[in-house]
Amino acid sequence: MELSEDQFQRYARHLILDEVGEEGQLRLLESRVLVVGAGGLGSPLLLYLAAAGVGTIGIVDNDQVDITNLQRQIVHATRNIGALKVDSARDTLCAVNPEIQVETHAQRLDPDNAEAIVAGYDLVADGSDNFATRYLLTDLCCRRAKPLVAAALSPFEGQLSIFRPYLGAGHPCYRCLFRDPPPPDLVPRCEEAGILGAVAGVLGTLQAVEVLKELLGLGDSLDGTLLLYDALRTRFHSIRIAKDPECPTCGTHVLAAED
Ligand SMILES: [Zn+2]
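Residues numbered from 1 in each chain as written. Predicted model: local features only at pLDDT ≥ 70, side-chain atom pairs only at ≥ 80, totals over all residues. Heavy atoms only, no water.

Asker: Before we go on, may I ask you to explain the overall build of the protein chain in this structure?
Answerer: Assigned secondary structure in the protein chain consists of 11 helices and 8 strands. Over its C-alpha atoms the protein chain spans a radius of gyration of 18 Å, differing by no more than 12% from the 18 Å that the globule rule assigns to 259 residues. For the protein chain, the spread of C-alpha atoms along the principal axes amounts to about 50 × 40 × 40 Å. Residues counted as buried form 50% of the 259 residues belonging to the protein chain. Just so you have it, the protein chain exposes about 12,300 Å², and 52% of that area is on carbon and sulfur atoms. (Helix = DSSP H or I, 4+ residues; strand = E, 2+ residues; numbered from the N terminus. Rg over C-alpha atoms; globule rule 2.2 N^0.38 Å. Buried < 20%, exposed > 50% of the residue type's maximum accessible area, 1.4 Å probe, protein only. Areas by Shrake-Rupley, 256 points an atom, 1.4 Å probe, with all protein chains shown as cover.)

Now the structure itself:
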């Protein structure tokens, strides 16, 4: 595969970077990334991945665009209220970059469909807003050896990491940090808790940077580190995540049994 004349123009600011160059751009164009959730995190994430020329982007979401989404879900436009979010997002992404492929999955990810959907991609980015999906992806991406770039939001804070527990020692998963999901009634979603929209934009954009770094093999990975963003104090800090040898998803006995 070679870049076309148009692609040399479109990706000129990538190509000029020694760290990306033609080889890196071709790698992005050949990459397949699954984004789970076309909401507050998924919006900037999808936009930047499309603009960067990630060649195939899958989107999983079963919701429709509602007027209350538009305060933060910037991939959707007012004219698309009532449309499926996957269709609305695809329209926007194709307007930004018509040469990429966008595959839509208008489903809620569940244990019955997740395996088949995830199997078709190189990397998964979790922009969902619920613990059921987060734990489902944690377990599945470990089993299928897919890097998982996961972000989460609260009204004025966010967290981000990448999980590659299948690499073994020193590579924890989300369950190493939080073994089990919290009781559902303890965790308000955006609809109930509210959120400063731009906070989702910061985290979704950071998530896009980490996806692109992982695809290109650039810099230091967030693997083993949880990045925390405090918007009210304008602070970032990071904590190390230890791998739990007893982890039910990626513990020594689990990974050994799969060998
Ligand atoms: Zn684990």
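Read on, since the account is not over.
Asker: Honestly, the nonpolar core in this entry has me stumped. Any pointers?
Answerer: What tends to happen in soluble globular proteins is that the nonpolar side chains get buried as a cluster. One finds Leu49, Ile57, Ile59 and Val211 to be the most contacted residues of the largest nonpolar core, which totals 38 residues. Val60, Ile117, Val118 and Tyr174 belong to the second largest nonpolar core, which has 20 residues in total. (Core = buried A, V, L, I, M, F, W, Y, C linked by side-chain atoms within 4.5 Å.)

Asker: What is the right way to look at the coordination of the zinc ion in this model?
Answerer: The reference angle at a metal is 109.5 degrees if four donors form a tetrahedron and 90 or 180 degrees if six donors form an octahedron. Looking at the zinc ion, the protein donor atoms are Cys173 (SG), Cys176 (SG), Cys247 (SG) and Cys250 (SG), and they sit 2.3 Å from it. Every donor counted, the 4 donor atoms about the zinc ion form angles of 95 to 122° at the centre, which fits tetrahedral coordination. All donors of the zinc ion come from a single chain, and their spacing in sequence reads C-x2-C-x70-C-x2-C. With Cys176 in helix α8 (residues 174–177) and Cys250 in the loop between β8 (235–240) and α11 (252–258), the pair connects residues that are 74 residues apart, well separated along the chain. Assigned by exposure class, Cys176 and Cys250 land together as buried. (Donors = N, O, S within 2.8 Å, 3.2 Å for Na, K, Ca; no water. Tetrahedral: all angles 85-135°; square planar, octahedral: opposite > 155°, others 65-115°.)

Asker: Which parts of the structure should I look at to understand the sheet that holds strand β5 (residues 148–154)?
Answerer: Sheets are built from strands paired through backbone hydrogen bonds, the pairs being either parallel or antiparallel. The strand order across the open sheet formed by 8 strands is β3-β2-β1-β4-β5-β6-β7-β8, and the pairing between neighbours is mixed. The open sheet terminates on both sides in strands that have one partner only, identified here as β3 (101–105) and β8. Ignoring strand direction, the axes of neighbouring strands in this sheet form an average angle of 15°. Alignment of strand β4 (residues 123–126) against β5, held across 3 bridges, turns out to be parallel. Bridge pairing in β5 links Ala125 to Val149. Where helix α7 (residues 131–143) meets the sheet, its contacts fall on β1 (32–36), β4 and β5, and the angle it forms with β4 comes to roughly 165°. (Pairing = 2+ DSSP bridges. Axes fitted to C-alpha atoms, helices over the stretch in contact; angles between N-to-C directions. Contact = heavy atoms within 4.5 Å.)

Asker: Even after reading the chapter, I still don't get the packing of helix α3 (residues 21–29) against helix α10 (residues 197–216), so can you show me in this structure?
Answerer: Packed helix pairs are specified by the crossing angle of their axes together with the interaxial distance, meaning the distance between the axes. Two numbers describe how α3 lies on α10: the axes approach to 9 Å, and their chain directions differ by 110°. Considered as vectors, α3 and α10 are oriented roughly perpendicular to each other. The way α3 lies across α10 gives a crossing that is right-handed. Between α3 and α10, the contacting residues are Gly24, Arg27 and Leu28 on the first element and Leu212, Leu215 and Leu216 on the second. Within the contact of α3 with α10, the residues separate by chemical class into 4 nonpolar, 1 polar and 1 charged. (Parallel < 35°, antiparallel > 145°, perpendicular 65-115°, else oblique. Left-handed = near helix turned anticlockwise from the far one by under 90°. Nonpolar A, V, L, I, M, F, W, Y, C, P; charged D, E, K, R; others polar.)

Asker: Help me understand the pattern of salt bridges in this model?
Answerer: Oppositely charged side chains can pair when the atoms bearing their charge come close. The final tally for this structure, using the stated rule, is 12 salt bridges. Salt-bridge contacts for Arg175 lead to Asp180; the nearest nitrogen and oxygen are separated by 3.9 Å. Its relative accessible area of 53% is what places Asp180 among the exposed residues. What you see here is one network of salt bridges that share partners, running through Glu115, Arg143 and Arg144. (Salt bridge = Lys/Arg side-chain N within 4 Å of Asp/Glu carboxyl O.)

Asker: What should I look at first to understand the side chain of Arg134 in this one?
Answerer: Mapped onto the fold, Arg134 is located in helix α7. Within the buried core, Arg134 has no salt-bridge partner, and the shortest N-O distance to an opposite charge, that of Asp126, equals 4.6 Å. Side-chain polar atoms of Arg134 contact the side chain of Tyr174, separated by 2.9 Å. Excluding its chain neighbours within four sequence positions, the residues that come into contact with Arg134 are Asp126, Ser128, Ala152 and Tyr174. (Lys, Arg positive; Asp, Glu negative; His and termini not counted. Polar contact = N/O pair within 3.5 Å; in protein donor to acceptor, adjacent residues only side chain to side chain.)

Asker: Explain the environment of Leu218 here, please?
Answerer: Looking at the secondary structure, you find Leu218 in the loop between α10 and β7 (225–230). With 46 residues separating them in the primary sequence, Leu218 and Pro172 have C-alpha atoms 20 Å apart. Not counting the four nearest positions on each side in its chain, Leu218 is found in contact with Glu19 and Lys213.

Asker: I'm lost on the packing of aromatic side chains in this one. Help?
Answerer: Here the distance between the centres and the angle between the planes together describe a pair of aromatic rings. All told, the structure shown has 5 aromatic pairs when counted by the stated rule. Here a set of aromatic residues connected by ring pairs shows up, and it is made of Phe131, Tyr135, Phe163, Tyr174 and Phe178. Over the face of the ring belonging to Phe131 we find Arg134, whose NZ or CZ atom lies 4.4 Å from the ring centre. (Phe/Tyr/Trp six-rings, centres within 6.5 Å; stacked < 30°, edge-to-face > 60°. Lys NZ or Arg CZ within 6 Å of the ring centre and 35° of its normal.)

Asker: Sorry, what's going on with the pairing of β3 here?
Answerer: Residues in a regular strand project their side chains so that they alternate between the two faces of the sheet. Two elements, strand β2 (residues 56–60) and β3, share 5 bridges in a ladder whose sense is parallel. Residue pairing across strands places Thr56 opposite Gln101, the latter belonging to β3. Handedness of the β-α-β unit built from β2, helix α5 (residues 85–96) and β3 comes out right-handed. (Right-handed = clockwise from strand over helix to strand, strands pointing away.)

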